[in-house]
Amino acid sequence: MNDHPAKGASDSASGTRVLVVHPFMKGAPDSRDPQARLDEAVGLAQAIALDVAVAEYVSLSKYRPSTLLGQGTVERLKGVIEEQEIVLAIIDSTLSPIQQRNLEKAWDCKVIDRTGLILDIFGARARTREGSLQVELAALSYQKSRLVRSWTHLERQRGGFGFLGGPGETQIETDRRLIGERIARLKKELEEVKRTRDLHRKARKRVPYPIVALVGYTNAGKSTLFNRLTKSDVFAQDLLFATLDPTMRGLQLPSGRKVILSDTVGFVSDLPHELVAAFRATLEEVREADLIIHVRDVAHPESEAQKKDVESVLKELDLGSAYEQRLIEALNKIDLLEADEREGALAASARPGHKLAVSALTGDGCALLLERIDSMISITMNQISVTISLSDGASMAWVYEHGEVLERQDGEDKAILKLRLDEANLSRLKSRLGVTFDD
Ligand SMILES: Nc1nc2c(ncn2[C@@H]2O[C@H](COP(=O)(O)OP(=O)(O)O)[C@@H](O)[C@H]2O)c(=O)[nH]1
Ligand SMILES: [Mg+2]
């Protein structure tokens, strides 16, 4: 069980010292690479500035109801926790409330599971009202389910008295009722926020610069790329809100055009289903982005599956038709590829298109990426509104073929369309008869 040494990690961060454990079933049918899983969990912990002192994966030969981990492992880790002055242990799995409590007792430190950790991250990162509400809702539902599941145990512990509740009511029931009420209130508020969402979005759209959002899996290298691209940029330091929100920074492109770069919360594999809504809400900002950079770890064993996950979520975010026109796929970590694979990737990115090979670590390909962002932003900036007669089928078809239709309002005999066009097509459209440009 202890055949892989505990990995010492950064001691530079001043945050809470944590232990990260990724337990996996020995010989489970779909057992994926445990090291990759562990790396992801460590990445998640670092996302909220926890100081990962020790990280290891542990194979389980059987499921142990009391502590999940085997007794030998629990004892061995107790030594590690004491020696390393760990104050928080993260178990990258689902713990029952009883397992959580037993581990806390055995180790004399706080213990959280994967859902708890992800909830914390979402809570720290939610930027919109809708995002915060969704996260709070998920957190309360999580808490409530824990109360339900620990019911018998706690009731016995309390001796069955219910001092605080009504007649015959136990504390747990009171807690559940309070949480239930809070959940109902949150749901109502959430409805309201969703209803007025579009109004807010329009108001916020007045940010004077286009927004470029980095999306992708945790550990794909989003933050590294974010730092690399904005590192020596004076505009980044100039922006007032750069200091207020560390996940947004200004960036001046080679042409001199200024944009805001936004580092979003990362995707995680096997996201607990009760967190899906909260996760989507934290991605709300991506809907406002003028350009999306999908950062991929091409050296990851599950790179293709991750790509599909990200794409299917993006599709559901209601980003408008043909959002792919506003997307760049950054094939990151090419420094980890074999030389010939790397050459192939770099050659591919020299061709015009939406794929670009980079290494956020070495800086390879980053200059080209900035240029590509520049040229794509100049395309996405041409947002226009035109009126086309409904009988002019040819113009209508042309617009759909060459542009991205963002909005369409059909009248009696005319339609008003809001669309994005690149420079060349814009001038072509201007020479078409029967198309009127609004304002
Ligand atoms: N070898 C290599 N490692 C990278 C590269 N980009 C990021 N990393 C490493 O991958 C890990 C996760 O990076 P991070 O930027 O935190 O990923 P994020 O979760 O997407 O923000 C860190 O250990 C980085 O040092 C790269 O281009 N090459
Ligand atoms: Mg990050």
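Residues numbered from 1 in each chain as written. Chains lettered and ligands numbered in written order. Predicted model: local features only at pLDDT ≥ 70, side-chain atom pairs only at ≥ 80, totals over all residues. Heavy atoms only, no water.

Let's talk about the overall build of the protein chain
Next up, step 1: Within the protein chain, the regular secondary structure consists of 18 helices and 15 strands.
Next up, step 2: Every one of the 439 residues in the protein chain was classed for burial, and the buried ones make up 47%.
Next up, step 3: For the protein chain, the proportion of contacts with a sequence separation of at least 24, taken over those separated by at least 6, is 69%.
Next up, step 4: Of the roughly 21900 Å² that the protein chain leaves accessible, carbon and sulfur atoms contribute 52%. (Helix = DSSP H or I, 4+ residues; strand = E, 2+ residues; numbered from the N terminus. Buried < 20%, exposed > 50% of the residue type's maximum accessible area, 1.4 Å probe, protein only. Contact = heavy atoms within 4.5 Å. Areas by Shrake-Rupley, 256 points an atom, 1.4 Å probe, with all protein chains shown as cover.)

Let's talk about the nonpolar core
Next up, step 1: Val20, Ile90, Phe122, Val286 and Leu314 are the most contacted members of the largest nonpolar core, which totals 46 residues.
Next up, step 2: Setting aside residues up to four positions removed in sequence, Val20 forms contacts with Leu38, Ala41, Val42, Ala45, Val52, Val54, Ala55, Glu56 and Ile90.
Next up, step 3: With 24 residues, the next largest nonpolar core counts Ile293, Ile328, Val358 and Leu369 among its residues. (Core = buried A, V, L, I, M, F, W, Y, C linked by side-chain atoms within 4.5 Å.)

Topic: the pattern of salt bridges
Next up, step 1: Enumeration according to the criterion identifies 18 salt bridges in this entry.
Next up, step 2: One salt bridge connects Asp92 with Arg114, and the closest N-O pair in it is separated by 2.6 Å. Taken together, the residues span a long stretch of sequence, with Asp92 in the loop between β4 (88–91) and α3 (97–107) and Arg114 in helix α4 (residues 114–125) at a distance of 22 residues.
Next up, step 3: Take Asp92: its relative accessible area is 7%, and that puts it in the buried class.
Next up, step 4: Residue class for Arg114 comes out buried when judged on its relative accessible area of 11%.
Next up, step 5: A salt bridge links Lys307 to Glu329; the shortest N-O distance between them is 3.2 Å. Of this pair, Lys307 sits in helix α14 (residues 303–316) while Glu329 sits in strand β10 (residues 327–332); the two residues are 22 residues apart in sequence, bridging distant segments of the chain. Pair check on accessibility: Lys307 and Glu329 agree, each one buried. (Salt bridge = Lys/Arg side-chain N within 4 Å of Asp/Glu carboxyl O.)

A closer look at a negative patch on the surface
Next up, step 1: Taken together, the side chains of Glu338, Asp340, Glu341, Glu343 and Asp364 make up a negatively charged region of the molecular surface.
Next up, step 2: Secondary-structure assignment places Glu341 in helix α15 (residues 339–350). (Patch = residues over 30% accessible without salt bridge, like charges linked within 9 Å, V, L, I, M, F, W, Y side chains within 5 Å. Lys, Arg positive; Asp, Glu negative; His and termini not counted. Charge placed at Lys NZ, Arg CZ, Asp CG, Glu CD.)

A word on the site of ligand 1
Next up, step 1: Of all residues adjacent to ligand 1, which total 15 residues, the nearest are Asn219, Lys222, Ser223, Thr224 and Asp335.
Next up, step 2: Between Asn219 and ligand 1, the recorded distance is 2.7 Å, taken from a backbone N or O atom to an oxygen atom.
Next up, step 3: Note that an oxygen atom of ligand 1 is positioned 3.0 Å from one of the backbone N or O atoms of Ala360.
Next up, step 4: Protein chains bury 74% of the 580 Å² of accessible surface belonging to ligand 1 in isolation.
Next up, step 5: The leading source of residues in the shell around ligand 1 is helix α9 (residues 222–230), at 3 residues.
Next up, step 6: Looking at the shell around ligand 1, its residues break down into 5 nonpolar, 7 polar and 3 charged. (Near = heavy atom within 4 Å. Polar contact = N/O pair within 3.5 Å; in protein donor to acceptor, adjacent residues only side chain to side chain. Nonpolar A, V, L, I, M, F, W, Y, C, P; charged D, E, K, R; others polar.)

Observations regarding the confidence of the model for the protein chain
Next up, step 1: Per-residue confidence for the protein chain gives a mean pLDDT of 82; residues scoring 70 or more make up 83%.
Next up, step 2: Low pLDDT, under 50, characterises residues 1–13; the stretch is placed with 22 contacts to residues that sit more than four places away or in other chains.
Next up, step 3: The model gives residues 148–168 a pLDDT under 50, and that stretch makes 21 contacts with residues more than four places away or in other chains. (pLDDT = per-residue confidence, 0-100.)

Digging into the sheet that holds β10
Next up, step 1: Spatially, the 6 strands line up as an open sheet ordered β7-β8-β6-β9-β10-β11, and their pairing is mixed. Two strands close off the open sheet at either side, each with one partner strand: β7 (248–252) and β11 (355–357). In this sheet, neighbouring strand axes are inclined to one another by 25° on average, regardless of whether the strands run parallel or antiparallel. (Pairing = 2+ DSSP bridges. Axes fitted to C-alpha atoms, helices over the stretch in contact; angles between N-to-C directions.)

Re α14
Next up, step 1: The end-to-end C-alpha separation of α14 is 20 Å, in line with the 20 Å expected for 14 residues at 1.5 Å each.
Next up, step 2: Regarding α14, the residues found buried are Ser303, Gln306, Lys307, Val310, Val313 and Leu314. The arc that holds every buried residue of α14, seen down its axis, measures 135°, which confines them to one face. Set apart from the buried face of α14 by more than 90 degrees, the exposed residues are Lys308 and Lys315. (Expected span 1.5 Å × (residues − 1). Arc of directions from axis to C-beta.)

Considerations on the packing of helix α1 (residues 34–47) against α4
Next up, step 1: It is at 9 Å that the axes of α1 and α4 come closest, and there the two elements cross at 40°. Comparing their axes, α4 and α1 come out oblique. As for how α1 packs across α4, the hand of that crossing is left-handed. On α4, the residues that touch Glu40, Ala41, Leu44 and Ala45 of α1 are Arg114, Leu117, Ile118 and Ile121. (Parallel < 35°, antiparallel > 145°, perpendicular 65-115°, else oblique. Left-handed = near helix turned anticlockwise from the far one by under 90°.)

Things to note about the packing of aromatic side chains
Next up, step 1: Under the criterion given, the structure shown has 4 aromatic pairs.
Next up, step 2: Here the aromatic rings of Tyr217 and Phe267 are separated by 5.9 Å at their centres, their planes lie at 35°, and the arrangement is tilted. You can see Tyr217 sitting in the loop between β6 (211–215) and α9 and its partner Phe267 sitting in the loop between β8 (258–263) and α12 (276–282), a full 50 residues away along the chain.
Next up, step 3: Classification of Phe267 as buried rests on a relative accessible area of 4%.
Next up, step 4: Three or more aromatic residues joined by ring pairs form one cluster here, namely Phe122, Tyr217, Phe267 and Phe279. (Phe/Tyr/Trp six-rings, centres within 6.5 Å; stacked < 30°, edge-to-face > 60°.)

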